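Letter by letter, the chains look like this.
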Amino acid sequence: MNGAADRMETRATRVLGIRYPIVQGGLARVARAELAAAVSAAGGLGQIAMAGLHQPELLRAEIRKAKALTAAPFAVNFPIGRIDISALVDLSVEEGVPVLSFTAGNPRPWIDRLAGTGTRTLVLVAGAEQARKAEQAGADVVATVGYEGGGHLGRSDLTTMVAVPMVVDAVGIPVLASGGIVDGRGLAAALALGADGIELGTRFVATREAAAHERYKAALLAAQPEDTLVIKQSLGMPGRVLDSAWTRRIQAAEKAGADRDSVLAMVDWAANERAAVGGALDEGLVWAGQAVGLIDDLPPAGEVVARIVAGARAAAGRAAALAGAQGEG
């Protein structure tokens, strides 16, 4: 059962106004209105990535397209620190976007800016210390990413299995688990660890609605966990990507002690766009987590949400049955 009346209620679903505790990651340059709307219409929280939509008219167009595609809540994801996002944040509020998410920087000024607007805030963190700071800044929800995740990971190398309960114990606001999660087993495990839901990135890139190039999607299907590697460690901003000629070059330059400007030139937005949108995988970089080893198809995003819900219920049922059998014994 996945109709409109069906729900899987947690603190996160109540705060975010969604039916299932499933949030699509920000996914720079590949999360546009079609993907966000598909996830939200299925009961999760889809997100439009601001990255690549720096001109106000471009972001406004994507927001309005998503609103035309679904009446369900969706979010806009903002990376902090690269450009001045003030006008884009204000535009999102003006357009009535109910949730804004923030990554890669101090969210406090933006949360303060949203005071009194009724807009909910989600902050991506890596570990308990960042989660506490986000809570103190006024975040409504945090998502903590483990080392096995794709994209930017923070400076901690804690895995999801360790990071999630630490963050849950550290804060009083809802927590989403992120990193290494692609299916219902991951959602059931996250809930068992005390999280209020999950955020998924790589799984939603490998869907029909994602604006990723077909070569990127095909590479995800072909990849195994060992086909990912971590770059940007010398910059203090580690991120997990698919192995390619370009990303191996970046990693080699970092190991050889390349200066900061040289590394930055290799990991800029253009390198991501060439590969993720243009399909030139060996001339740029694409983000991917170790969970690629669990992805083998390209379904519609709404089907991913439905599968996760059904799989989580089945996994929870197995766990409950096992616990009951042991209790009887």
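Let me begin by describing the structure that accompanies this report. Everything quoted here is computed from the prediction, not taken from an experiment. (Residues numbered from 1 in each chain as written. Predicted model: local features only at pLDDT ≥ 70, side-chain atom pairs only at ≥ 80, totals over all residues. Heavy atoms only, no water.)

Description of helix α11 (residues 245-255)
Then, number 1: For α11, the set of buried residues is W246, T247, I250, A253 and E254. Taken around the axis of α11, the buried residues stretch over an arc of 120°, which confines them to a single face.
Then, number 2: Against β10 (228-231), β11 (239-242), α12 (260-266) and α13 (269-276) lie the buried residues of α11.
Then, number 3: Looking one or two places after α11, you find G257, whose phi comes out positive at around 85°. (Buried < 20%, exposed > 50% of the residue type's maximum accessible area, 1.4 Å probe, protein only. Helix = DSSP H or I, 4+ residues; strand = E, 2+ residues; numbered from the N terminus. Arc of directions from axis to C-beta. Contact = heavy atoms within 4.5 Å.)

A few points about the environment of T10
Then, number 1: Mapped onto the fold, T10 is located in the segment before α1 (11-16).
Then, number 2: A residue is classified by how much of its surface remains accessible, and T10, at 11% relative accessible area, is buried.
Then, number 3: Expressed as a C-alpha distance, the spacing of T10 and V125, which sit 115 residues apart in the sequence, is 20 Å.
Then, number 4: Those residues in contact with T10 that sit more than four places away from it in its chain are P21, L191 and D196.

Topic: the sheet that holds β10
Where strands meet in a sheet, backbone hydrogen bonds hold them as pairs that are either parallel or antiparallel.
Then, number 1: Strand order across the open sheet formed by three strands is β7-β11-β10, with antiparallel pairing between neighbours. Where the open sheet ends on each side, the last strands, each with one partner, are β7 (151-152) and β10.
Then, number 2: Across two bridges, β7 lies against β11 in antiparallel orientation. Note on β11: the bridge partner recorded for H152 is G239.
Then, number 3: Taken strand by strand, α11 contacts β10 and β11, and its axis lies near 40° from that of β10. (Pairing = 2+ DSSP bridges. Axes fitted to C-alpha atoms, helices over the stretch in contact; angles between N-to-C directions.)

Quick word on the sheet that holds strand β9 (residues 197-200)
Then, number 1: The eight strands lie next to each other as β1-β9-β8-β6-β5-β4-β3-β2, forming an open sheet whose pairing is parallel. Each end of this open sheet is capped by a strand with a single partner; those strands are β1 (22-24) and β2 (46-49). Across the sheet, the axes of successive neighbouring strands diverge by a mean angle of 25°, strand direction being ignored.
Then, number 2: Of the strand pairs in this sheet, β2 and strand β3 (residues 74-79) are connected by four bridges, and their pairing is parallel. Bridging from a neighbouring strand, G46 pairs with F74 of β3.

Regarding the nonpolar core
Then, number 1: Ranked by internal contacts, the top residues of the largest apolar core, which has 58 residues, are I22, L35, I198, F204, Y216, L220 and L285.
Then, number 2: Residue contacts for I22: discarding those within four places in its chain leaves G44, L45, L187, I198, L200, F204, V305, I308 and V309.
Then, number 3: Counting 21 residues, the second largest nonpolar core, distinct from the first, contains A36, I63, I85 and V89. (Core = buried A, V, L, I, M, F, W, Y, C linked by side-chain atoms within 4.5 Å.)

So, the packing of helix α2 (residues 33-41) against helix α3 (residues 56-69)
Then, number 1: Running from N to C, α2 and α3 cross one another at 35°; their axes reach a closest spacing of 9 Å. α3 is crossed by α2, and the crossing has right-handed handedness. Each of A33, E34 and A37 in α2 lies in contact with α3, whose residues at this interface are E62, K65, A66 and L69.
Then, number 2: Split by residue class, the contact of α2 with α3 holds four nonpolar, no polar and three charged. (Left-handed = near helix turned anticlockwise from the far one by under 90°. Nonpolar A, V, L, I, M, F, W, Y, C, P; charged D, E, K, R; others polar.)

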